[in-house]
Amino acid sequence: MAASTSAVPVAVTAAVVPVLSADGDFSDLREIKKELLLIAGLTRERGLLHSSKWSAELAFSLPALPLAELPPPPPITEEDAQDMDAYTLAKTYFDVKEYDRAAHFLHGCNSKKAYFLYMYSRYLSGEKKKDDETVDSLGPLEKGQVKNEALRELRVELSKKHQARELDGFGLYLYGVVLRKLDLIKEAIDVFVEATHILPLHWGAWLELCNLITDKEMLKFLSLPDTWMKEFFLAHIYTELQLIEEALQKYQNLIDVGFSKSSYIVSQIAVAYHNIRDIDKALSIFNELRKQDPYRIENMDTFSNLLYVRSMKSELSYLAHNLCEIDKYRVETCCVIGNYYSLRSQHEKAALYFQRALKLNPRYLGAWTLMGHEYMEMKNTSAAIQAYRHAIEVNKRDYRAWYGLGQTYEILKMPFYCLYYYRRAHQLRPNDSRMLVALGECYEKLNQLVEAKKCYWRAYAVGDVEKMALVKLAKLHEQLTESEQAAQCYIKYIQDIYSCGEIVEHLEESTAFRYLAQYYFKCKLWDEASTCAQKCCAFNDTREEGKALLRQILQLRNQGETSTTETPAPFFLPASLSANNTPTRRVSPLNLSSVTP
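These numbers were taken from a predicted model, which means no experiment stands behind them.

Participant: Go over the UniProt feature "repeat: TPR" (unreviewed entry) in the protein chain with me, naming the residues and quoting the values.
Facilitator: The UniProt record annotates "repeat: TPR" (unreviewed entry) at residues 331-364 and 365-398. Annotated as 79% helix and 0% strand, the span residues 331-364 places its first and last C-alpha atoms 8 Å apart. Secondary structure across residues 365-398 divides into 79% helix and 0% strand, with the first and last C-alpha atoms of the span separated by 8 Å.

The structure is reproduced here in structure tokens:
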């Protein structure tokens, strides 16, 4: 593997950063481990703690290296030696979040490492001040109302360095972050791509790039370095873009080449299954992850979403108490506690904990979306709209926020707004039947019945999780007096219910049987009509109609009327249906509380 030379630090002009050019294959895991250990140290020195933690966790999942093969420390240049005292002092201030103080003592330093920490301290100081202003009122803040005042100055300075080609991989990363914060997305993408070419092992640059890619087409046009890190990036971006099959395949490949002990990969697989609503599989993986890494807090809010959807109160309560013991002031902990109170229908308390999470991190996507759900439960639509809009500001790919906005405007009886937001949600989740059913309902309200029919049929075709599409489609056919198509839909619906043992609400099933009984009666198919009428008798709302129809059928038979042979009915009930089969029940679909938070 060519990477055998990449882990050896090579001094470059006035720089501490060694040349790290990881090759695109996994044939030598020892070299990969060396590179991970090296980049973990370099990112830690620059205060990039999340990237350092990611690299260290990944390195930990690989076999230990013997003493002779451990990577040597990075070389120290003359500039580094001159700036050592100022850097050491400033780094201690940086670590205790005294960013202005750190920047003050780093002013005038020339080494790449000290210059990065100087600029990064200024950036974080501006972010901290902005966040402090933001959390003072978590109400209806318009985008851009609170700004990081340092961004424009940082952009000017970094731009000059960039044009002079004086920025290393870390400097490019920071420049890209500044551009992104200023909404200069195209320029930010170009800079992040450049950063991944110069320093491919820095996970933070890949992650920032991931946040700016909106679809697969955009991904194809990026000129990315051919390194093994690219595989982790692709797996992550596929998960974000809801391309779950491709993501799972990538993660499986990474496990096969030697990363089977990586808690990061295991958690990402669980998140992927959560995204496709394979709840049992996701719960199983999260439970295994908890056994391997019992003090892990990352992704536990996603785990709590799954427990919430399954109404697993005791498990959710245990998780909330456990995370409180580990760290009660983490955003994930606050979200888990919020989900617990929401499951107990204590929505005011739930909203309070989501607000607490946002005070800890105003850019935490999950908390904004979940808070929107709670405001919806409390019938506070204006607050819900603000929360969902904040979520979209943080991440435009969050389909839950777009879907939530659609639901709020549906409550406000504003179908055109509603249609726009449901369309956006559908674009992000084209194979999610809930989005399609919601779109169909919108089109129906706008009297665009052809479009509504397409949506309902598509929802059924992609796998209707709520078992609502066929009923809605049948009612639409009823409305248009298309009796045969309506009958076909109702029969498909009943077949689906009985074949998978799905639990259904009284009204939906009784409606289907009532229509089919009347349909077969009109077709003079007495046996089928009689079967459906008997089924109607099992439900309170259709019992009297069922009895009346049975009396009519008996009367016609006594008068010598026989089933017609002239009007063929192409649709028949499943043979397994009998008057004694009483299906079980379920809660009504599309209830907000049952939607995955």
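From this point on, the discussion continues.
Participant: How would you explain the packing of aromatic side chains if you had to name every residue and give the values?
Facilitator: On inspection of all chains with the given rule, the structure shows 28 aromatic pairs. Summarising the aromatic geometry, the rings of Trp-206 and Phe-233 are spaced 5.1 Å apart at their centres and angled 45 degrees between planes, so their arrangement reads as tilted. Highlighted residues: Trp-206 in helix H9 (residues 203-212) and Phe-233 in helix H11 (residues 229-240), separated in sequence by 27 residues. You can call Trp-206 buried: its relative accessible area is 0%. Judged by relative accessible area, Phe-233 falls into the buried class, the value being 1%. An aromatic cluster is present here, built from Trp-54, Trp-203, Trp-228, Phe-232, Phe-259 and Tyr-264 joined pairwise through their rings. Residue placement shows Arg-429 over the ring face of Tyr-399; its charged tip is 4.4 Å from the ring centre.

Participant: How would you sum up the environment of Lys-112? Please name residues and give values.
Facilitator: Turning to its location among the elements, Lys-112 is positioned in helix H5 (residues 112-136). C-alpha of Lys-112 to C-alpha of Asp-83: the two residues are 29 residues apart in sequence and 10.0 Å apart in space. Polar contacts involving the side chain of Lys-112 include one to the main-chain carbonyl oxygen of Glu-166, which spans 3.3 Å.

Participant: Tell me about the pattern of salt bridges, and name the residues and values.
Facilitator: A complete count under the given rule lists 30 salt bridges for this structure. Its salt-bridge partner being Glu-166, residue Lys-161 comes within 3.3 Å of it at the nearest N-O pair. With its nearest N and O atoms 2.9 Å apart, the salt bridge here joins Glu-231 to Lys-250. Here the residue Glu-231 occupies a position in helix H11, and Lys-250 occupies one in helix H12 (residues 244-259), the gap between them amounting to 19 residues. Relative accessible area serves as the criterion here: at 18%, Lys-250 is assigned to the buried category. Within this structure, Glu-45, Arg-46 and Lys-113 form a network of salt bridges that share partners.

Participant: Which residues make up a nonpolar patch on the surface, and what values do they have?
Facilitator: A cluster of nonpolar residues, Leu-37, Leu-67 and Leu-70, forms a patch on the protein surface that exposes about 300 Å² of accessible area. Looking at the secondary structure, you find Leu-70 in the loop between helix H2 (49-60) and helix H3 (78-95).

Participant: So what's going on with the nonpolar core? Residues and values would help.
Facilitator: With 185 residues, the main nonpolar core has Tyr-123, Leu-209, Trp-228, Phe-232, Phe-233 and Ile-237 as its most contacted residues. The leading source of residues in this core is H5, at nine residues. Residues in contact with Tyr-123, not counting those within four places in the same chain, are Asn-148, Leu-151, Leu-154, Leu-174, Val-177, Val-178 and Lys-181.

Participant: Tell me what's going on with helix H15 (residues 300-309), and back it up with residues and numbers.
Facilitator: Counting buried residues in H15 gives nine out of 10 residues, a clear majority hidden from the surface. For H15, the set of buried residues is Met-300, Asp-301, Thr-302, Phe-303, Ser-304, Asn-305, Leu-306, Leu-307 and Tyr-308. For H15, the elements touching its buried residues are helix H13 (263-275), helix H14 (279-292), helix H16 (313-327), helix H17 (331-343), helix H19 (365-377) and helix H21 (399-411). Backbone geometry just downstream of H15 places Ser-311 in the positive-phi region, at approximately 55 degrees.

Participant: An account of the packing of H16 against H17 is requested, with residue identities and associated values reported.
Facilitator: Here H16 crosses H17 at 150 degrees, and the two axes come no closer than 9 Å. Considering their axes alone, H16 and H17 lie roughly antiparallel with respect to each other. Two packed elements cross with a definite hand, and for H16 against H17 that hand is left-handed. Contacts between H16 and H17 involve Lys-313, Leu-316, Ser-317, Leu-319, Ala-320, Leu-323, Cys-324 and Asp-327 on the former and, on the latter, Thr-333, Val-336, Ile-337, Asn-339, Tyr-340 and Leu-343. Here the contact of H16 with H17 is built from residues that sort into nine nonpolar, three polar and two charged.

Participant: Describe empty space enclosed by the protein, with residues and values.
Facilitator: A water-sized probe, rolled over the atoms, reveals where empty space remains. For the coordinates displayed, the defined rule picks out three cavities of 30 Å³ or more. Its boundaries defined by the atoms lining it, the second largest cavity holds a volume of some 50 Å³. For the lining of the second largest cavity, the secondary structure elements donating two or more residues are H5 and helix H7 (169-181). Tallying contributions element by element places H5 first for the lining of the second largest cavity, with four residues. Classifying every residue of the lining of the second largest cavity by side-chain character gives six nonpolar, one polar and three charged.

Participant: Please provide a residue-by-residue account of the side chain of His-202, values included.
Facilitator: With respect to the helices, strands and loops of the structure, His-202 is situated in the loop between helix H8 (185-198) and H9. When residues no more than four places from it in sequence are discounted, the contact partners of His-202 are Ile-39, Thr-43, Leu-48, Ser-51, Phe-170, Tyr-173 and Met-229.

Participant: Please give an account of helix H4 (residues 99-106) that cites residues and values.
Facilitator: All of the buried residues along H4 are Tyr-99, Ala-102, Ala-103 and Leu-106. The buried residues of H4 all sit within an arc of 95 degrees when viewed along its axis, so they share a single face. Where H4 ends, the next residue or the one after it, Gly-108, has phi of about 95 degrees, a positive value.

Rules used throughout
Residues numbered from 1 in each chain as written. Predicted model: local features only at pLDDT ≥ 70, side-chain atom pairs only at ≥ 80, totals over all residues. Heavy atoms only, no water. UniProt positions renumbered as here; feature names shortened; annotations may be inferred. Helix = DSSP H or I, 4+ residues; strand = E, 2+ residues; numbered from the N terminus. Phe/Tyr/Trp six-rings, centres within 6.5 Å; stacked < 30°, edge-to-face > 60°. Buried < 20%, exposed > 50% of the residue type's maximum accessible area, 1.4 Å probe, protein only. Lys NZ or Arg CZ within 6 Å of the ring centre and 35° of its normal. Polar contact = N/O pair within 3.5 Å; in protein donor to acceptor, adjacent residues only side chain to side chain. Salt bridge = Lys/Arg side-chain N within 4 Å of Asp/Glu carboxyl O. Patch = residues over 30% accessible without salt bridge, like charges linked within 9 Å, V, L, I, M, F, W, Y side chains within 5 Å. Areas by Shrake-Rupley, 256 points an atom, 1.4 Å probe, with all protein chains shown as cover. Core = buried A, V, L, I, M, F, W, Y, C linked by side-chain atoms within 4.5 Å. Contact = heavy atoms within 4.5 Å. Axes fitted to C-alpha atoms, helices over the stretch in contact; angles between N-to-C directions. Parallel < 35°, antiparallel > 145°, perpendicular 65-115°, else oblique. Left-handed = near helix turned anticlockwise from the far one by under 90°. Nonpolar A, V, L, I, M, F, W, Y, C, P; charged D, E, K, R; others polar. 1 Å grid on protein atoms, 1.4 Å probe; cavity = no way out; pocket = protein on both sides within 12 Å on 5 of 7 lines; lining within 4 Å. Points joined across faces, edges and corners; volume = space filled by probe spheres on them. Arc of directions from axis to C-beta.

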